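Below, each chain spelled out in residue letters.
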Amino acid sequence: MRPKNILVVLTDDHRYDAMGFMKAQSFGDTPTLDRLAREGVHFRNAFVTTALCSPSRASIFTGLYAHQHRVVDNNHPIPPGLIYYPEYLRAAGYETALIGKWHMGVETDTPQPGFDRWVSFKGQGDYLPGPNGLNVDGAKVPQRGYITDELTDYALDWIGKRSGKRPWMLHLAHKAVHSEFIPAERHKGRYTNQTFRYPDSMRPKVPGRPMWVENQRNSWHGVGYPYHGTLDVGDYYKRYMETLLAVDEGLARIMDLLARRGELDDTLILYMGDNGFMFGEHGLIDKRAAYEESMRVPMLMRCPSLFGPGEVSQVVANIDVAPTMLAAAGLVAPDGLAGADMLPLARGEEAPWRTELIYEYYWERNFPQTPTVHALREDRYKYVHFHGIWDVDELYDLATDPNENNNLLARPGHEELAERMSAKLFRLLEETGGMQIPLSADAGERNELRDPKGPAQAPFPPRFFRPPGT
């Protein structure tokens, strides 16, 4: 197969349903993403294996679970010798570029292996020009304007200078739509007068909800004390969707350039988020948890010379990106990857595929609200297992309870199913080298406060109570 040009567009904290054609709310325009879904393939069950920036990005670049690549949180350094798939592309003759957010392992903007062109910034970067600026091929360069537009300009400039003699790969990683959401000036207030539908699961004291989840309402990541302040989830979502508008516009500009160059239909475009984001679901904001809104992401792929329009229902994940991009380059993925090539699914072929996916998140001292989480997500059921807390685990039937409001482990009758899924979870962890919980040295501030007038501490689950001697 002739190697394809590759464009990966990665957004930050973009939840799976925050696209116009998904109609999650009555507002939220994404005409370019809608076009990708219409002309390409929508992977409607796409997930990340860790809903946190650094681990998810490392999984995208390596095709490995976090417990395999060891970038398990935003503070762990990158292990020596870790190989990113662009390194294979570059060795095979590709011109490669990373433009945008790196944020993997440490707060660095230093150029990384595998890229001929490098435009990045430290950590989360800034929507508006700040003192750190950008790192352009190792040199410090001031940020000129709104970050989404500026990254798009760098992408257009780099693509426009390709001679066409060699295939190219561009990883465009936007800061958007990471909090605090700041829309471009032209988009501010677009949705001010729209009505936000609050999620049903935002209500407190849902029977069967783990105690730690209920307690998190009154925390940095809870609706009762969000970021230790008083923001309204509905207003927050409106700014989120306003901030996304510049991403959609920028992608349209890039696709227009590819069309003018005669490369659009022969370029594999992959759009996805690095993790989801909760806007009040289960009383929470942010990600980290194993709930669908946290771990599920948008994933759209277009390349008419490889596949036609369609929809894929199988569970795919960030670990599948690396082997898929290698396949698009005509390369065979190295042995030992956790992910698999998604192109057969995109072509509608009856290809062997996974029946379950591991999710993992490791407790962070600077965000102590969420415990260490391991989950097994099958097509129908999800089992969620917590470490280091005295609480009930979770089991959901996603076919009858897609919003995860009915924890089947809160009452008798589903012990056998939970035991089966628990056994499978730990067997898969053992087979993939995931039976250790990594430690992190203390780093960053601790967001551990509670509002003294906020929601009270939740009681222990009823099934924990039993009179002595019974």
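Here, the structure is the one placed above.
Residues numbered from 1 in each chain as written. Predicted model: local features only at pLDDT ≥ 70, side-chain atom pairs only at ≥ 80, totals over all residues. Heavy atoms only, no water.

1. Description of the pairing of strand E12 (residues 299-302)
Consideration 1: Going residue by residue along E12, you find Met299 and Met301 tucked away on one face and Leu300 and Arg302 tucked away on the opposite face as well.
Consideration 2: One ladder, built from 2 bridges, connects strand E2 (residues 41-43) with E12; its direction is antiparallel. Bridged to Val41 within E12 is Met301. (Buried < 20%, exposed > 50% of the residue type's maximum accessible area, 1.4 Å probe, protein only. Helix = DSSP H or I, 4+ residues; strand = E, 2+ residues; numbered from the N terminus. Pairing = 2+ DSSP bridges.)

2. Quick look at the packing of aromatic side chains
Consideration 1: Within the structure shown, the criterion is met by 31 aromatic pairs.
Consideration 2: Relative to Trp118, the ring of Phe115 has its centre 5.9 Å away and its plane inclined at 55 degrees; by these criteria the two rings are tilted.
Consideration 3: Residue Trp118 is classed as buried on the basis of its relative accessible area, which comes to 1%.
Consideration 4: Both rings, one in Phe196 and one in Tyr198, keep their centres 4.9 Å apart while their planes meet at 90 degrees; by these two values the pair is edge-to-face.
Consideration 5: Judged by its relative accessible area of 9%, Phe196 is buried.
Consideration 6: Through pairs of rings, three or more aromatic residues link up here, namely Phe27, Phe181, Tyr191, Phe196, Tyr198, Trp220, Tyr227, Tyr236, Tyr237, Tyr240, Phe277 and Phe279.
Consideration 7: Its guanidinium or amino end placed over the ring of Phe367, Arg288 lies 4.3 Å from that ring's centre, counting from NZ or CZ.
Consideration 8: We note Arg296 situated over the ring of Tyr16; from NZ or CZ to the ring centre the distance is 4.0 Å. (Phe/Tyr/Trp six-rings, centres within 6.5 Å; stacked < 30°, edge-to-face > 60°. Lys NZ or Arg CZ within 6 Å of the ring centre and 35° of its normal.)

3. Some remarks on helix H2 (residues 53-62)
Given 3.6 residues per helical turn, the α-helix brings residues three or four places apart onto the same face.
Consideration 1: Most of H2 sits inside the fold, with 10 of its 10 residues counted as buried.
Consideration 2: Those residues of H2 that sit buried are Cys53, Ser54, Pro55, Ser56, Arg57, Ala58, Ser59, Ile60, Phe61 and Thr62.

4. Remarks on the sheet that holds strand E17 (residues 381-387)
Consideration 1: Pairing in this open sheet of 4 strands is antiparallel, and the strands run E15-E16-E17-E18 from one edge to the other. Two strands bound the open sheet, and with one partner strand each, they are strand E15 (356-361) and strand E18 (394-397). Adjacent strand axes in the sheet meet at a mean angle of 10 degrees, parallel and antiparallel pairs treated alike.
Consideration 2: With 4 bridges connecting them, E17 and E18 associate as antiparallel partners. When the sheet's bridge partners are listed, Lys382 is paired in E18 with Tyr396. (Axes fitted to C-alpha atoms, helices over the stretch in contact; angles between N-to-C directions.)

5. With respect to empty space enclosed by the protein
Consideration 1: Inspection of every chain in the model, using the stated rule, returns 3 cavities of 30 Å³ or more.
Consideration 2: When its residues are assigned to classes, the lining of the largest cavity shows 4 nonpolar, 6 polar and 3 charged. (1 Å grid on protein atoms, 1.4 Å probe; cavity = no way out; pocket = protein on both sides within 12 Å on 5 of 7 lines; lining within 4 Å. Points joined across faces, edges and corners; volume = space filled by probe spheres on them. Nonpolar A, V, L, I, M, F, W, Y, C, P; charged D, E, K, R; others polar.)

6. Quick word on the nonpolar core
Consideration 1: Phe43, Tyr85, Met301, Phe307 and Met325 are the most contacted members of the largest nonpolar core, which totals 85 residues.
Consideration 2: When neighbours within four sequence positions are excluded, Tyr85 is seen to be in contact with Val8, Ile60, Phe61, Met169, Val321, Ala322, Met325 and Leu326.
Consideration 3: The next biggest cluster of nonpolar side chains, apart from the first, holds 57 residues, and it includes Ile147, Val177, Ile269 and Phe277. (Core = buried A, V, L, I, M, F, W, Y, C linked by side-chain atoms within 4.5 Å. Contact = heavy atoms within 4.5 Å.)

7. Remarks on the packing of helix H5 (residues 147-160) against helix H7 (residues 233-260)
Consideration 1: At a minimum axis distance of 9 Å, the contact between H5 and H7 shows a crossing angle of 10 degrees. The angle between H5 and H7 falls in the class roughly parallel. Residues Thr148, Asp149, Thr152, Asp153, Ala155, Leu156, Ile159 and Gly160 of H5 touch H7, and the partners they reach there are Ala246, Val247, Gly250, Arg253, Ile254, Leu257 and Leu258.
Consideration 2: In the contact of H5 with H7, the residues fall into 8 nonpolar, 4 polar and 3 charged. (Parallel < 35°, antiparallel > 145°, perpendicular 65-115°, else oblique.)

8. A few points about the layout of surface pockets
Consideration 1: The space that makes up the largest pocket amounts to roughly 520 Å³.
Consideration 2: In this structure, the largest pocket is lined by 25 residues; those nearest its centre are Asn74, Gln124, His178, Arg288 and Phe367.
Consideration 3: Residue composition of the lining of the largest pocket, grouped by class: 7 nonpolar, 10 polar and 8 charged.

9. Digging into the side chain of Asp320
Consideration 1: Relative to the helices and strands, Asp320 resides in the loop between strand E14 (316-317) and helix H9 (321-328).
Consideration 2: A polar atom in the side chain of Asp320 sits 2.8 Å from the backbone nitrogen of Ala340.
Consideration 3: A distance of 2.7 Å separates a polar atom in the side chain of Asp320 from a polar atom in the side chain of Arg354.
Consideration 4: Beyond its immediate sequence surroundings of up to four residues, Asp320 is in contact with Gly339, Ala340, Met342, Trp353 and Arg354. (Polar contact = N/O pair within 3.5 Å; in protein donor to acceptor, adjacent residues only side chain to side chain.)

10. Topic: the sheet that holds strand E5 (residues 117-120)
Consideration 1: Reading across from one edge, E7-E6-E5-E4-E8-E1-E9-E12-E2-E13 is the order of the 10 strands in this open sheet, with mixed pairing throughout. Bordering the open sheet on either side are strand E7 (139-141) and strand E13 (310-312), each of which pairs with just one other strand. Averaged over all neighbouring strand pairs, the angle between strand axes comes to 15 degrees, with direction disregarded.
Consideration 2: Relative to E5, strand E4 (residues 95-100) runs parallel, the two sharing 3 bridges. Paired with Ile99 across the bridge in E5 is Val119.
Consideration 3: Along the sheet, H7 contacts strand E1 (5-11), strand E8 (168-173), strand E9 (267-273) and E12; its crossing angle with E9, the most-contacted strand, is approximately 175 degrees.
Consideration 4: Sitting on the sheet, H9 touches E1, E9 and E12, and the angle it makes with E9 is about 170 degrees.

11. Digging into the side chain of His103
Consideration 1: One can find His103 in the loop between E4 and E5.
Consideration 2: If sequence neighbours within four positions are ignored, His103 has contacts with Cys53, Ser54, Arg57, Asn74, Gly123 and Gln124.

12. Examining the pairing of E1
Consideration 1: Summarising burial for E1: 7 of the 7 residues are buried, a large majority.
Consideration 2: Of the two faces of E1, the one lined by Asn5, Leu7, Val9 and Thr11 and the one lined by Ile6, Val8 and Leu10 are each fully buried.
Consideration 3: Note that E1 and E8 share 5 bridges and pair parallel. Each residue of the ladder has a partner; that of Leu10, found in E8, is Ala173.

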